[in-house]
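Overview (structure and organization)
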Amino acid sequence: MSYAAAGFVVTVATASVFFVSAVARRVVTPAKKRAQDTDVRALNRADGTVTLSRTPDTSLPGRYGLWFGADDRYLQLGPIVDQDASTVTRVLDTPTSELVGLPDAGPATFSGWYYSRPEQLGLPFSETVIETTPGPAPAWLFPADEDSGRWVIGVHGRGTTRSECLRSVPVLHDAGCTSLLISYRNDGDAPPSADGLYGLGDTEWQDVEAAIEFATAHGATSIVLMGWSMGGAISLQTSLRSALADRITGIILESAVVDWGSVLEFQADAGRIPVFVRRAAIAAISNGWGKSLTGLDTVVNFTALDMVERSGELTKPMLVLHSDDDGFVPADAARELAIRRSDLATFVPFRTARHTKLWNFDEPRWTTAIRDWLAGN
């Protein structure tokens, strides 16, 4: 082989390793800033409306939120009042007095939270701290009006915070449950792990176990885990791996990751990542030799995270809520889990609610499903 050919081979090999490393790191690295996925075309303070560029998310009916402005302020959005092929105009539920200093247009991030702060719910709550292995993790505690001993621990998803779970508190409160919305390692609120990287549920379940211990120490006699997106994967791992799993009486899965393999394949297809790169990236995340590429202290056990294949090991009643057009976590694995464990799982499908926006899209259906499932379990 000539020196030129050898150099070319080395260059290609180096580029391939770099690409694999970049893809692998993207999977396990928490995002440092929110991805801006829409634009504010006009902020109309007089009319109390905001016009956004049209996307599959911004054109959904219901109530949502928007990160906007240099200081990343959060605005509450109401129903659509006008739309065309390129824009959507929505009611602003945020008071006009809170719009001071915001620009009239610019990039923004659309959100399904709606509520961003616990006081917006108008329910009694307290700030508390759960002692986890990485350190003290902040949490919000919403007590039931009458202590029944039934608690729901809310576990948020990847790249977000416990604010994601605030939408669940009213229906849980009405059902007589105490809600504990937790933070966990590397989410920006809780302390980071030593490597500062996600375990995709393979490590974070330990922080949920700490929350179960906290809840039990404060009077919980029955605990339901409610996991959103990656929080679903974390909740399922907790139910199988925690020494305190006997205290869990049920699991609610909202747009949950049930099998990381199918999720990563779906996202790789969407990102047009070559097959050899995606497979090499997953191998790097799940094998010791890949630690130098990913930065992980411990490898991720994707086999352990495949709840479709491990469905026979599950023992807790489950409510599975998922939208067919999720766009981030395909519903196939959730459906298959519900089929395989029809003895445990109640599956409530949505069609056009996208990812973790089921409450926003059809609040009555979402609320009724949770209320009825809690009443029967």
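Residues numbered from 1 in each chain as written. Predicted model: local features only at pLDDT ≥ 70, side-chain atom pairs only at ≥ 80, totals over all residues. Heavy atoms only, no water.

As a further point, take the packing of helix 3 (residues 205-217) against helix 4 (residues 230-241). The interhelical angle for the contact between helix 3 and helix 4, taken along N-to-C directions, is 70 degrees, at an axis separation of 8 Å. Comparing their axes, helix 4 and helix 3 come out roughly perpendicular. As for the relative orientation of helix 3 and helix 4, their crossing is right-handed in sense. Of helix 4, the residues touching helix 3 (which contributes W205, V208, E209 and I212) are I234, Q237, T238 and R241. Residues belonging to the contact of helix 3 with helix 4 are distributed by class as follows: 4 nonpolar, 2 polar and 2 charged. (Axes fitted to C-alpha atoms, helices over the stretch in contact; angles between N-to-C directions. Helix = DSSP H or I, 4+ residues; strand = E, 2+ residues; numbered from the N terminus. Parallel < 35°, antiparallel > 145°, perpendicular 65-115°, else oblique. Left-handed = near helix turned anticlockwise from the far one by under 90°. Contact = heavy atoms within 4.5 Å. Nonpolar A, V, L, I, M, F, W, Y, C, P; charged D, E, K, R; others polar.)

This model, assessed by the stated rule, comprises 18 salt bridges. Here E313 makes a salt bridge to R310, at a shortest N to O gap of 2.8 Å. With a relative accessible area of 17%, R310 lands in the buried category. Residues participating in the shared-partner salt-bridge network are D57, R354 and K357. (Salt bridge = Lys/Arg side-chain N within 4 Å of Asp/Glu carboxyl O. Buried < 20%, exposed > 50% of the residue type's maximum accessible area, 1.4 Å probe, protein only.)

As a note on interpretation, predicted positions should not be read in detail where pLDDT is low. In the predicted model, the protein carries a mean pLDDT of 93, and the fraction of residues at 70 or more is 95%. A low-confidence stretch, residues 1-15 stays under pLDDT 50, and its non-local contacts, those more than four residues away or across chains, total 2 contacts. (pLDDT = per-residue confidence, 0-100.)

Scanning the entire structure with this criterion turns up 9 aromatic pairs. Arranged with centres 5.0 Å apart and planes meeting at 80 degrees, the rings of Y114 and Y115 form a pair that is edge-to-face. Each member of the pair, Y114 together with Y115, is buried. Between Y114 and W359, the ring centres sit 6.0 Å apart and the planes meet at 40 degrees, which makes this aromatic pair tilted. Of this pair, Y114 sits in the loop between strand 6 (106-111) and strand 7 (126-131) while W359 sits in helix 10 (residues 358-361), and the two are 245 residues apart along the sequence. For Y114, a relative accessible area of 6% corresponds to the buried category. Through a chain of ring-to-ring contacts, the aromatic side chains of W67, Y74 and W113 assemble into a single cluster. Directly above the aromatic system of Y114 lies the positively charged group of R63, at a separation of 4.6 Å from the ring centroid. (Phe/Tyr/Trp six-rings, centres within 6.5 Å; stacked < 30°, edge-to-face > 60°. Lys NZ or Arg CZ within 6 Å of the ring centre and 35° of its normal.)

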